[in-house]
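# Reading the structure
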Amino acid sequence: MPELPEVETVAQGVHERAHGQRILAAEFSRAREPFKTDPDTMAAVLTGQRIARVHRVGKHIVFDLETPRPPKGKAEPADHQWIVHLGMTGRLLYSAASVPVPPHTHGRLSLSSGHELRFVDARRFGRMGLHSGARAQPFSGPGSEPLHISPEDFAALFRGRKLSIKAALLNQKLLHGVGNIYADESLYWAGIRPTRIAGSLSRERLLKLHAALQQVLRKAIELGGSSVSDYVDADGVRGFFQLEHRVYDRAGEPCRACAAEIRKMVHAGRGTHYCPRCQR
DNA sequence: ATATGGCCCTGGTTGC
DNA sequence: TGCAACCAGGGCCATA
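Residues numbered from 1 in each chain as written. Chains lettered and ligands numbered in written order. Predicted model: local features only at pLDDT ≥ 70, side-chain atom pairs only at ≥ 80, totals over all residues. Heavy atoms only, no water.

### Description of the protein's contact with DNA strand B
Inspection of the region around DNA strand B gives 9 residues, with H104, A122, R123, F125 and K162 positioned closest. The sugar-phosphate share of atoms of DNA strand B within 4 Å of the protein amounts to 65%. Here a base oxygen of DNA strand B sits 3.4 Å away from a polar atom, N or O, in the side chain of R123. Within the backbone of K162, one N or O atom sits 2.8 Å away from a phosphate oxygen of DNA strand B. Classifying every residue of the surface near DNA strand B by side-chain character gives 3 nonpolar, 1 polar and 5 charged. (Near = heavy atom within 4 Å. Polar contact = N/O pair within 3.5 Å; in protein donor to acceptor, adjacent residues only side chain to side chain. Nonpolar A, V, L, I, M, F, W, Y, C, P; charged D, E, K, R; others polar.)

Right under this line is the structure:
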């Protein structure tokens, strides 16, 4: 499932390949509603735009667009950004037009290089849409960036909260980009039981969690993300961070630090993995 | 306002 | 072996 490191990897890959290119045509399937914006409107707005930059905000992939000006072809920043959320199984693939279109392809952008950018999503949890008014107010996502937030601001997010620390980490309005894998992994490194009430954690423990989370996310980005089920980057390549997991998807296996059996339970509506000895 | 739980969706896995 | 039930979970929505 794409979380911050996976989305970062995809965004970087798409940026390297697609930035500077013009969108010659856009086509979206009309089936159901994987859209925040009407598909016809979205296709009409995207067609003719230049992709200035592709980057990540939380779990969203953000395309900064430019409108080419007729006279000398000079571009100016467009008032729209194109936002893609991969959901659970979404893929954004940069493919030669000759490569067969995979099943469950809901969107296709034809680029000036002759390649296509394809949005493929079997489970349909992904979303696409336009963010308008971007010149005045660029898309900023629902919460704070885990990699940019200061330790003190991070600790302050949880003060007085009565929900569990795991549920708080998953809440995108507090911190965006953290999903189930990196919530479990960062809590392991910080030695915190996922069920602990967020507001009951000391400042010191929260500072430790801040450091653990940033370390885990950075390492995961370095390794191209975690491929647990079917995540792949823009070239269809899997990541390697799943090999570094300490608790996620390791129920019944020994803790790498203390050899206790890793446990799994359902908490905050998600499979939750922890070491009963290392995490208190 | 804050917190919780159900639902969407379908491929892969499990179990009879 | 074959098939059905079950499981995965991000974000949104209704509810308490």
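Still more ground to cover, so stick around.
### Structural notes on the state of the cysteines
Joining two cysteines, a disulfide is a covalent bond between their sulfur atoms. All chains considered together, the criterion is met by 0 disulfides. With no disulfide partner, C258 has as its closest neighbouring cysteine sulfur the one in C275, 3.6 Å distant. (Disulfide = S-S within 2.5 Å.)

### Points about the packing of helix α5 (residues 180-190) against helix α6 (residues 203-222)
Close contact between α5 and α6 brings their axes to 8 Å; oriented N to C, the two are set at 125°. Considering their axes alone, α5 and α6 lie oblique with respect to each other. In the packing of α5 onto α6, the handedness of the crossing is right-handed. Of α6, the residues touching α5 (which contributes Y182, E185, S186, L187, W189 and A190) are K208, L209, A212, L213, V216, L217 and A220. Each residue belonging to the contact of α5 with α6 can be placed in one class, and the counts come to 10 nonpolar, 1 polar and 2 charged. (Axes fitted to C-alpha atoms, helices over the stretch in contact; angles between N-to-C directions. Helix = DSSP H or I, 4+ residues; strand = E, 2+ residues; numbered from the N terminus. Parallel < 35°, antiparallel > 145°, perpendicular 65-115°, else oblique. Left-handed = near helix turned anticlockwise from the far one by under 90°. Contact = heavy atoms within 4.5 Å.)

### Some points on the sheet that holds strand β2 (residues 50-57)
Ordered by their spatial adjacency, 4 strands build an open sheet running β2-β3-β4-β8, and the pairing between neighbours is antiparallel. In this open sheet, the two edge strands, each paired with only one partner strand, are β2 and β8 (127-132). On average, each strand axis in the sheet is tilted by 25° relative to the strand beside it, whichever way the strands run. Relative to strand β3 (residues 60-68), β2 is paired through 7 bridges, and the arrangement is antiparallel. What sits directly across from V54, in β3, is F63. Strands β2 and β3 of the sheet are contacted by helix α1 (residues 4-18), whose axis makes an angle of about 165° with β2. Against the sheet, helix α2 (residues 39-46) makes contact with β3, β4 (75-85) and β8, and its axis sits at roughly 60° relative to β8, the strand it touches most. (Pairing = 2+ DSSP bridges.)

### Here's the deal with the packing of α1 against α6
Here α1 crosses α6 at 40°, and the two axes come no closer than 9 Å. The orientation of α1 with respect to α6, classified from their angle, is oblique. The two elements α1 and α6 meet at a crossing, and its hand is right-handed. Between α1 and α6, the residues in contact are L4, P5, E8, T9 and Q12 and L217, A220 and I221, respectively.

### Concerning the pairing of β4
Taken together, the 8 bridges between β3 and β4 define a ladder with antiparallel strand orientation. Bridge assignment links V62 to a residue of β4, and that residue is I83. In this structure, β4 lies alongside β8, joined through 6 bridges in antiparallel fashion. Within β8, the residue paired with W82 across the bridge is L130.

### Quick look at the UniProt feature "domain: FPG-type" (unreviewed entry) in chain A
The UniProt record annotates "domain: FPG-type" (unreviewed entry) at residues 246-280. Here residues 246-280 runs as 0% helix and 29% strand, with 16 Å between its end C-alpha atoms. (UniProt positions renumbered as here; feature names shortened; annotations may be inferred.)

### Here's the deal with the environment of Y182
Locating Y182 in the fold gives a position in helix α5. A C-alpha to C-alpha distance of 37 Å links Y182 and G114, two positions 68 residues apart in sequence. Residues contacting Y182, with those up to four places away along its chain left out, are E3, P5, E6, L213, V216, L217, A220, G225, S226 and F241. Reaching out from Y182, the side chain makes a polar contact with the side chain of E6 at a distance of 2.6 Å.

### Comments concerning α1
Three or four residues apart is the spacing at which side chains of an α-helix point the same way, because the helix has 3.6 residues per turn. Under the 1.5 Å per step criterion, the end-to-end length of α1 is 20 Å for 15 residues, consistent within 8% with the ideal 21 Å. Turning to α1, its buried residues are L4, P5, E6, V7, E8, T9, V10, A11, G13, V14 and A18. Just beyond α1, the residue with positive phi is G20, at close to 90°. (Expected span 1.5 Å × (residues − 1). Buried < 20%, exposed > 50% of the residue type's maximum accessible area, 1.4 Å probe, protein only.)

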